[in-house]
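# Overview (structure and organization)
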Amino acid sequence: MRLRSILAALLVATASIAAVAAEPAPTSAATLIARADKYWTEGKLDKAGESFAAAVAAEPKSSATLLRLAGFQLSQQEISKSVATYRQVITLEPKNSKAWIGMGLAYLHSGDTELARAALDEAIRVDPARKESLKPLLAKLDERSH
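In this text, all values refer to a predicted model and were calculated from it rather than measured experimentally. (Residues numbered from 1 in each chain as written. Predicted model: local features only at pLDDT ≥ 70, side-chain atom pairs only at ≥ 80, totals over all residues. Heavy atoms only, no water.)

## Things to note about the overall build of the protein chain
Defined as follows: Under the scheme used here, helices are H or I runs from DSSP no shorter than 4 residues and strands are E runs no shorter than 2 residues, and both carry numbers assigned from the N terminus. Only protein chains enter the area calculation, which uses a 1.4 Å probe; residues under 20% of their type maximum are buried, those over 50% are exposed, and those in between are partly exposed. By definition in these notes, contact holds between two residues if any of their heavy atoms fall within 4.5 Å. With residues, only the protein chains shown are counted as cover, and all accessible areas are computed by Shrake-Rupley using a 1.4 Å probe.
The number of helices and strands found in the protein chain is 8 helices and 0 strands. What you see in the protein chain, going N to C, is helices and strands ordered as α-α-α-α-α-α-α-α. Expressed as a percentage of the 146 residues in the protein chain, the buried residues total 34%. Partitioning the contacts of the protein chain with sequence separation of at least 6, the portion at a separation of at least 24 is 42%. In the structure as shown, the protein chain presents an accessible area of about 9,400 Å², 59% of it carried by carbon and sulfur atoms.

Structure representation (structure tokens):
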């Protein structure tokens with residue numbers, strides 16, 4: 001009887017080890033981003049979106065990962081989603097000028113030139129070196145508002 005108990009315990013332990021070994025290793029956000037970029041380039045947009053979402057799930061507090069997701073969302077015309085994701089980046093990193101620029105572009109695509117201008121002005125405020133590169137876009141916004 002004792003031998004049966006030992007054998008049963010060994011079988012359970014072996015099965016548990018095999019189950020753990022069969023689980024896929026967690027994938028890093030960087031790997032998932034690289035995969036998403038590859039899918040995006042190949043035009044496999046559903047898979048790209050899934051990979052970007054998985055990267056954010058792997059590192060939900062990574063402003064760089066969130067920024068990549070927001071850029072993808074914007075490229076897919078998912079304007080409200082991209083604005084929400086850019087807000088997450090800005091919450092984590094208020095002085096991220098790329099997030100402010102992305103937010104400005106998202107608002108511009110939505111037709112809200114006032115919020116677009118405010119976001120771009122904030123990008124310049126947090127990173128004055130961006131002023132020259134944003135000058136043409138700001139001039140176009142000024143033309144639209146007149």
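Let us keep going from here.
## Digging into the packing of aromatic side chains
Cut-off, in case you're wondering: For Phe, Tyr and Trp, where Trp contributes only its six-membered ring, two rings pair if their centres lie within 6.5 Å, and the inter-plane angle classes them as stacked under 30 degrees, edge-to-face over 60, or tilted in between.
If you walk through the whole model with that rule in mind, you get 3 aromatic pairs. Ring centres 5.8 Å apart and planes at 85° place the aromatic pair W40 and F52 in the edge-to-face group. Within this pair, whereas W40 is found in helix α2 (residues 29-42), its partner F52 is found in helix α3 (residues 45-58), the two being separated by 12 residues in sequence. When the centroid spacing of 5.1 Å and the interplanar angle of 90° are considered together, the rings of W40 and F72 count as edge-to-face.

## A few points about the side chain of S51
Along the chain, the position of S51 falls in helix α3. A relative accessible area of 6% places S51 in the buried class. When near neighbours in sequence (up to four residues on either side) are disregarded, S51 contacts L32, R35, A36 and Y39.

## Some thoughts on unusual backbone geometry
Across residues other than glycine, the phi torsion is negative in most instances, and most of the peptide bonds are trans. Even without being a glycine, Q77 presents a positive backbone phi close to 65°. With respect to the secondary-structure elements, Q77 resides in the loop between α4 (63-75) and α5 (79-92). For Q77, a relative accessible area of 52% gives the class exposed.

## Looking at the confidence of the model for the protein chain
Cut-off, in case you're wondering: Confidence per residue, as judged by the predictor, is encoded in pLDDT with a range of 0 to 100.
Per-residue confidence for the protein chain gives a mean pLDDT of 86, with 82% of residues at or over 70. Within the protein chain, no element has a lower average pLDDT than helix α1 (residues 2-22), which sits at 46, and none a higher one than α5, at 97. Low pLDDT, under 50, characterises residues 7-25; the predicted model gives this stretch 0 contacts beyond four residues in sequence or across chains.

## Some words on the packing of α5 against helix α6 (residues 97-110)
What counts here: Angular values range over 0 to 180 degrees, each being the angle between N-to-C directions of two axes fitted as lines to C-alpha atoms, with helices fitted over their stretch in contact. To sort the angles, those under 35 degrees are grouped as roughly parallel, those over 145 as roughly antiparallel, those from 65 to 115 as roughly perpendicular, and the leftovers as oblique. In this scheme, a crossing is called left-handed if the near helix is turned counterclockwise away from the far one by less than a right angle; it is called right-handed if the turn is clockwise. We call Asp, Glu, Lys and Arg charged. Ala, Val, Leu, Ile, Met, Phe, Trp, Tyr, Cys and Pro are nonpolar, and the rest, Gly among them, are polar.
Viewed as axis vectors pointing N to C, α5 and α6 meet at an angle of 160°, and their least axial separation amounts to 9 Å. It follows from the interaxial angle that α5 and α6 lie roughly antiparallel. When the axes of α5 and α6 are compared, the crossing they make is left-handed. Packed against α5, whose contacting residues are I79, S82, V83, Y86, R87, V89 and I90, the element α6 presents A99, W100, G102, M103, A106, Y107, H109 and S110 at the interface. Within the contact of α5 with α6, the residues separate by chemical class into 10 nonpolar, 4 polar and 1 charged.

## Brief notes about α2
Definition in use: Helices are assigned an expected span. That span is 1.5 Å times one less than the residue count.
Helix length check: α2 (14 residues) gives 20 Å between terminal C-alpha atoms against 20 Å at 1.5 Å per residue, within 8%. Looking at the residues trailing α2, positive phi occurs at G43, about 80°.

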